[in-house]
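# Secondary and tertiary structure notes
Chain by chain, the residues:
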Amino acid sequence: MPNSIAYATLFQTALDEKITAQLASGALEANASMLKYNGGNTVKIPKVSTSGLGNYSKTTGFPAGSVTLEWEEKNLTQDRGREFTIDAMDNDESAFVDSASNVLGTFQKDHVVPEVDAYRFSKIYSSAVAGGKAVNSYTPAKSSIYSTLSDEIADIRDEVGDNVKLMVYMSGIAYKALKDSSEFEKKIDVANFDNGTIKTQVRAIDDVPIFRVPSDRFKTAYTFGDDGYAAAAGALQMNWIILADNAAIAIVKTDKIRIFDPATNQSADGWKIQMRKYHDLWLLDNKINTISISATPST
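The present account deals with the structure reproduced in this document. Owing to the predicted nature of the structure, the values given are computational and were not obtained by experimental measurement.

## So, unusual backbone geometry
The backbone of Asp206 sits at a positive phi, close to 55°, despite the residue not being glycine. Within the secondary structure, Asp206 is located in the loop between β8 (199-205) and β9 (208-213). Phi is positive for Asp207, which is not a glycine, with a value near 70°. Note that Asp207 resides in the loop between β8 and β9. The exposed category is assigned to Asp207, whose relative accessible area is 68%.

Here it is as structure tokens:
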């Protein structure tokens, strides 16, 4: 009998190796290690605060301070999946491997990756706005985009200092305007980006890496239904998101593939493949000041 568990493990390993590289938002998963997860749909995010410096006394010594560690519970809200059937008459066991690999690879590249990106970037937007962050309204133009982006990076630098790593996520539309600007070749550098998860060469402005995002994954709001996702009515096109590399946490807790061979499948004479993705993203409450968002005004 075909080993369905072995096939599932084989496909899962292959998809896991590809998805981080395919996701425009893959670097945001580097912060997931700070979470506590004990099963179910709940994770705990640490919130640490301390008292500031006080005056040292030659009589009493060090002033007493306090440390507060709280664990904020968050629920994973995105529980998504899909089932496919590959007909047994057209696929013997050896042909099934090739067919299933093509089906799952295409499904991930064309549907899973774009949806996860779209959810994550729109969640950053909605969380930042809910936290009181104003959105900068700007229509990308090659004559002004470099100075506009550079100024916003400088404003965030003034908030967080030079020791905090920043990242820029930019829509393809805005990136084209930047590429067409006269400053692009003169002032945009190539940088090596390595956060332990992603290692790649990217363009950088003021030593801040720029990650280009397909524009249809970079709107302010989406609906997620039974046939994928779509931009919500009234959604704006974001130009870029500037944020500290520790401002957001993206996580996938269940990414499971199950395979039933034709002898086991009760609903059809074929190989049944079930794929599930359980994921979410959170913006840390105390990192709102490390974010700047630009969006094209509504027309």
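That shown, we press on.
## What to know about the pattern of salt bridges
If you walk through the whole model with that rule in mind, you get 8 salt bridges. Between Glu72 and Lys74 there is a salt bridge; the shortest N-O distance is 3.1 Å. The salt bridge involving Asp79 is made with Arg276; its shortest N-O contact spans 2.8 Å. Separated by 197 residues along the polypeptide, Asp79 in strand β4 (residues 78-87) and Arg276 in strand β14 (residues 270-283) bring together distant segments of the chain.

## A short note on helix α4 (residues 172-180)
Within α4 the residues assigned to the buried category are Ala174, Tyr175, Ala177 and Leu178. Around the axis of α4, the buried residues are gathered within 160° of arc, so they sit on the same side.

## Quick word on a negative patch on the surface
Residues Asp151, Asp155, Asp158 and Glu159 make up a contiguous surface patch of negative charge. One can find Asp151 in helix α3 (residues 145-160). Taking the relative accessible area as the measure of exposure, Asp151 reaches 49% and is therefore partly exposed.

## What to know about the side chain of Thr220
When you line up the elements, Thr220 lands in the loop between β9 and β10 (222-225). Under the relative-accessibility criterion, Thr220 is labelled buried at 9%. Dropping the residues within four chain positions of it, Thr220 is found in contact with Ser122, Tyr125, Ala235, Leu236 and Met238.

## Topic: the packing of aromatic side chains
Inspection of every chain in the model, using the stated rule, returns 11 aromatic pairs. Ring plane angle 75° and centroid distance 4.9 Å describe the contact between Tyr56 and Phe62, whose orientation is recorded as edge-to-face. Measuring from centroid to centroid gives 5.8 Å for Tyr138 and Trp240, while their planes differ by 45°, and the two rings are tilted. One end of the pair, Tyr138, is in the loop between β5 (135-137) and α3; the other, Trp240, is in strand β12 (residues 238-244), with 102 residues separating them in the sequence.

The rules we used
Residues numbered from 1 in each chain as written. Predicted model: local features only at pLDDT ≥ 70, side-chain atom pairs only at ≥ 80, totals over all residues. Heavy atoms only, no water. Helix = DSSP H or I, 4+ residues; strand = E, 2+ residues; numbered from the N terminus. Buried < 20%, exposed > 50% of the residue type's maximum accessible area, 1.4 Å probe, protein only. Salt bridge = Lys/Arg side-chain N within 4 Å of Asp/Glu carboxyl O. Arc of directions from axis to C-beta. Patch = residues over 30% accessible without salt bridge, like charges linked within 9 Å, V, L, I, M, F, W, Y side chains within 5 Å. Areas by Shrake-Rupley, 256 points an atom, 1.4 Å probe, with all protein chains shown as cover. Lys, Arg positive; Asp, Glu negative; His and termini not counted. Charge placed at Lys NZ, Arg CZ, Asp CG, Glu CD. Contact = heavy atoms within 4.5 Å. Phe/Tyr/Trp six-rings, centres within 6.5 Å; stacked < 30°, edge-to-face > 60°.

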